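Read off the chains here:
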Amino acid sequence: MELSKNYIPTEAEAKWYQHWMDKGYFFSTPDEREPYTIVMPPPNVTGVLHMGHCLNNTIQDILIRRARAEGKNACWVPGTDHASIATEAKVVQMLRERGITKSSLSRDEFLKYAWEWKEKYGGIILQQLKKLGCSLDWNRTSFTMDEDYYTSVIKVFIELHKKGVIYRGKRMINWDVKAKTALSDEEVIHKEIQSKLYYINYLIDDDREHEDSMAMADHITVATVRPETILGDSAICVNPNDKRYTHLHGKFAFVPLINRRIPIITDEYVTLDFGTGALKVTPAHDKNDDELGRKHNLKVINTLDNEGKFTAVELADENPSELIVKYNGIDRDELRKIIIEDIAVLNQVEKIEDYNGTVATSERTGVVVEPLLSLQWFLDMKKIISENPETVSAVTSDAITFHPLKLKNTYSYWMDNIKDWCISRQLWWGQRIPAWYDAEGKYVVAATEAEAKEMFNAQYSISNAQLKQDEDCLDTWFSSWLWPIEVFKGISKPDNKEIDYYYPTTTLVTGQDIIFFWVARMVMAGYIFKKELPFKDVYFTGMVRDKQGRKMSKQLGNSPDLLGLIDQYGADAVRFGIMISSPAGNDLLFDESSLEQGRNFNNKLWNALKLLKMWEGRQSATGNEQLTIENFAINWFENRLNQVKTEVDGLMKQFRLSEALKNIYSLVWDDFCSWYLEWVKPGFEQPIEKAVYEKTVGFFEELVQLLHPFMPFISEEIYHLVGDKKDDLCVKLTIANRPMTTEILAQGELLKQVISTLRDARNKNQLKPKEAIQLHIQTASPQSYIAIENIVAKQVNAASVNYVNESVANTIVVAIEKDKFYIESEKQLDSATLKADLLKDLEHQKGFLQSVSKKLSNERFVQNAKPEVIALERKKMEDAENRIKTIEESLKGLN
RNA sequence: GGGAGCUUAGCUCAGUUGGUUUAGAGCAUCUGCCUUACAAGCAGAGGGUCACAGGUUCGACUCCUGUAGCUCCCACCA
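Below or above, wherever it landed, is the structure these notes cover. Since this is a predicted model, take the numbers as computed values, not measurements. (Residues numbered from 1 in each chain as written. Chains lettered and ligands numbered in written order. Predicted model: local features only at pLDDT ≥ 70, side-chain atom pairs only at ≥ 80, totals over all residues. Heavy atoms only, no water.)

Description of the nonpolar core
Nonpolar side chains tend toward joint burial in soluble globular proteins. Here is the rule we go by: The term nonpolar core refers to a set of buried residues drawn from Ala, Val, Leu, Ile, Met, Phe, Trp, Tyr and Cys, joined through side-chain atoms within 4.5 Å. With a 1.4 Å probe rolled over the protein chains alone, any residue whose accessible area is under 20% of its type maximum counts as buried; one over 50% counts as exposed, and the rest are partly exposed. In DSSP terms, a helix is any run of H or I states spanning at least four residues, a strand is any run of E spanning at least two, and both are numbered starting from the N terminus. Contact criterion: two residues are considered in contact whenever any of their non-hydrogen atoms come within 4.5 Å of each other.
If you look at the biggest cluster of nonpolar residues, it comprises 126 residues, and the most contacted ones within it are Tyr676 and Phe700. Ranked by the residues each element gives to this core, the list is headed by helix 22 (residues 657–680), at 14 residues. Those residues in contact with Tyr676 that lie beyond four places of it in its chain are Ala633, Ile634, Trp636, Phe637, Asp671, Val692, Thr696 and Phe699. Ranked by size, the runner-up nonpolar core spans 65 residues in total, among them Tyr149, Met415, Ile515 and Val523.

What to know about the sheet that holds strand 20 (residues 468–469)
This is how it is decided: When DSSP locates at least two bridges between a pair of strands, those strands are taken to pair.
Reading across from one edge, 19-18-20 is the order of the 3 strands in this open sheet, with antiparallel pairing throughout. One side of each edge strand has no neighbouring strand; the edge strands of this open sheet are strand 19 (443–445) and strand 20. Bridge count for strand 18 (residues 435–437) against strand 20 is 2 bridges, and the pairing is antiparallel. Among the inter-strand pairings, Tyr437 is bridged to a residue of strand 20, identified as Lys468.

Re unusual backbone geometry
In the segment running from His403 into Pro404, the intervening peptide bond is cis, with an omega of 0°. For Asp398, which is not a glycine, the phi torsion comes out positive at approximately 65°. Secondary-structure assignment places Asp398 in the loop between helix 11 (390–396) and strand 15 (401–403). Unlike most non-glycine residues, Ser461 shows phi in positive territory, near 55°. Tracing the sequence through the fold places Ser461 in the loop between helix 13 (449–460) and strand 20.

Description of the protein's contact with RNA strand B
Which entries qualify depends on this criterion: We call a residue near a molecule or strand when any one of its heavy atoms sits within 4 Å of it. Whenever two N or O atoms come within 3.5 Å, that pair is a polar contact, provided that in protein one can donate a hydrogen and the other can accept it, and provided that, for residues adjacent in sequence, both atoms are side-chain atoms. Ten residues, namely Ala, Val, Leu, Ile, Met, Phe, Trp, Tyr, Cys and Pro, are considered nonpolar, four, namely Asp, Glu, Lys and Arg, are considered charged, and the remaining ones, Gly among them, are considered polar.
Taken together, 59 residues form the shell around RNA strand B, and within it Thr271, Tyr355, Asn603, Phe861 and Asp879 come nearest. Near the protein, meaning within 4 Å, the atoms of RNA strand B are sugar or phosphate in a fraction of 51%, with bases accounting for the rest. Contacts to RNA strand B include Asn288, whose side-chain N or O atom sits 2.8 Å from a base oxygen. At 3.1 Å from a phosphate oxygen of RNA strand B is found a side-chain nitrogen or oxygen belonging to Asn600. Secondary-structure elements contributing two or more residues to the surface near RNA strand B are strand 8 (219–224), helix 12 (407–416), helix 20 (592–616), helix 22, helix 25 (742–764), helix 28 (832–857), helix 29 (859–864) and helix 30 (867–894). With 10 residues, helix 20 is the largest single contributor of residues to the surface near RNA strand B. Its residues placed into classes, the surface near RNA strand B shows 22 nonpolar, 21 polar and 16 charged.

Focus on the sheet that holds strand 5 (residues 166–176)
Read across the sheet, 4 strands follow the order 6-5-14-16 without closing on themselves; strand pairing throughout is antiparallel. Looking at which strands have only one partner, the edges of the open sheet turn out to be strand 6 (181–183) and strand 16 (421–422). Sheet topology places strand 5 next to strand 6; 3 bridges connect them, and they run antiparallel. Across the sheet, Asp176 pairs through a bridge with Thr181, a residue of strand 6.

This is the structure in structure tokens:
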């Protein structure tokens, strides 16, 4: 069969993925083997594959494929997340494009559209993962709103409510005015912005009669960044120790524009050196003001509606002026400008300063979050932790090991400062909160209306109550935190065979940006519902950035089209490119040139295959004059292969995947292709010893097997092309490592060094590769060269090799260790560059010798250092001395 | 404001209990090669006073302190 010039990924990839699927290699059922379980972080159901997913899932596939080859029962569960806010927003937008507003639909109608949308576009991302080669157990594909999953979320809510961990309360929450829903603290991102600090004068209500226009002297100046909330002010607060305002304690001031009379109160909370030291208190629109308001019993006056627009509803009893009518329905940003203009007209704007502050924005919609007092459902996190202390200790004790370890601190800090989790969302797409209310607002928590009625009867002695279910649904993460349990039906069908076998899962691979959203909460859920940790290792990936270090974003247009890249370079090359430099926990600077490197690696492998196929038909069992060469080469490569395999095992255990890949890459490219294959390569059109050929094929197979988790397609393709196979690499069990001989490895290193040095000398003397040389070796131990002399001769094009006891005239000489190599050529040799090299080397060696002997002549070093260290230093000194001697002799020979 | 981390070759990064020949890799650069596996390649080479300043030590890229710069996380100074 004729092989193409270069490797063509497209066909091979489609072919092998289908083959693996047909064979059912990715499917897992519980058996007697040790399980290796990974649950995929479920992407947003409407998402499309991007670099982050690619990194994430490539890592998971590598781990899973390795586990499979190690004989474990590998189970990798795919699925998607209903992502309530994001998906609902997409559905709303889709409806808007069709001219339908959400408000015109009933809940059921809306959900029908949403499900239609999900069925149509949902899970595209899962199909895309197949292109990447992900060996997922597709029979287990889950969705966080599957029927059983939904039931389990409701069940968990009811259970936690019963335990008193879930409560309902009126709290200051983060309100997303675009999505029109509450958010948890984790969904809020604080951003630095340039804004203004407005200094506004509030007139003091003075008992004195004002007889002239001196009134303006009697004011207090307040600094605020949010003048638009001024109509909700219910006090001014100063620090009790602030001497500037002592005379105002207990007095009243007037809110500009509406002249509401508000008290001037004192509280230590106010800092003296910010602004004017006087704070306007607006309990309805600021978290701190809310607390101050509670403490001082202030009135709460809400002036913004749920879209962040002005509403005068709560000002009704204040004789709303025309101004207020004018403000109605105006957006908060616009309102700020108008109010400042209007106050300026009254001459009560003292000044406006530039101000750098932070603003809270919604993680989902990006809009500025509005603090809003609202009735929501909360999870008492402190109680959860105190009842499940393992939630914290599992991580600090490394029972759950984080990679990188430093994220432990982040985790514990969050746990130590945990706040209650607002779990209700004013959305329809999600699990509806199972709370039932009667007309008076009494409620019970129950799975069904019938149960709720019974409970009303029992709890309130109300029979056949007219009940309405809570309109809100639950935070998406309130379902995702059950993911490692419920994908095995651990909540909906507790203690089934699957959950008992697969849980706890083995490794979680996820982004460090969701350590609080998801990882921490899964640990909690694990201990609450299974009394056990959910996973043993967590591998955190960083963020994928472009090569300039910028985040990938639609606006910048710097996020590459992944499927396009797969088409262009092949999935293996993409996997290689993204893995070659991505240490755990660090951001990855994505550069397309690493994909080129991956593609080139494909070709390197492909060409090695072509070479072997050429040899296949030229085997012979006779010619044995070169057996020394082959024996050493084979012996050495076998050792080297096992050395790298051992290293890779160690690196994989530490989750240092890119290091492992680098080692494999170098083993294939340098050791196998550049050294080994050249050493055993027969002369032009010469036959190859059958035994050598078979050994070489065996090595190649072992190499592609080692590579397979990283680059599954080409490795499988080569495995089948290099010889007829009945089995598949995908499920082939790893060959155990054989013991290594360090002597052979050392001799191999010496051999490489000799060849490189001689080639360098040839280069420097402008000897063409075809120009043969005579090589003379001056050494005290010729026996160390016997096994490798033929390889040396072949690799440096030496027509002859012999051993001498003294220098050889008219030659180039190079020194390696204690030995000298004389290169004799028919061509006239120019020793000038070589001499310069030798002098440079000499200088270096002398400097080195000096530092070593200085160390050795230091009494305290000799006294304190470990004996083996001293011995090593002695050896270094001896070597350096020998080498200097060799170089000096060589230089003499040149003159 | 608090915390964590980073700073090693032009770029991206390794460097695992302080001593392995006065620092390694990949990419990029330079030189020479169209050598029938591979020019998407082969053979070589150059390039770093390990951010800076102190300290501990016989010995520091490695440990400690300080300084500078960068990054991330957390946080209610309006």
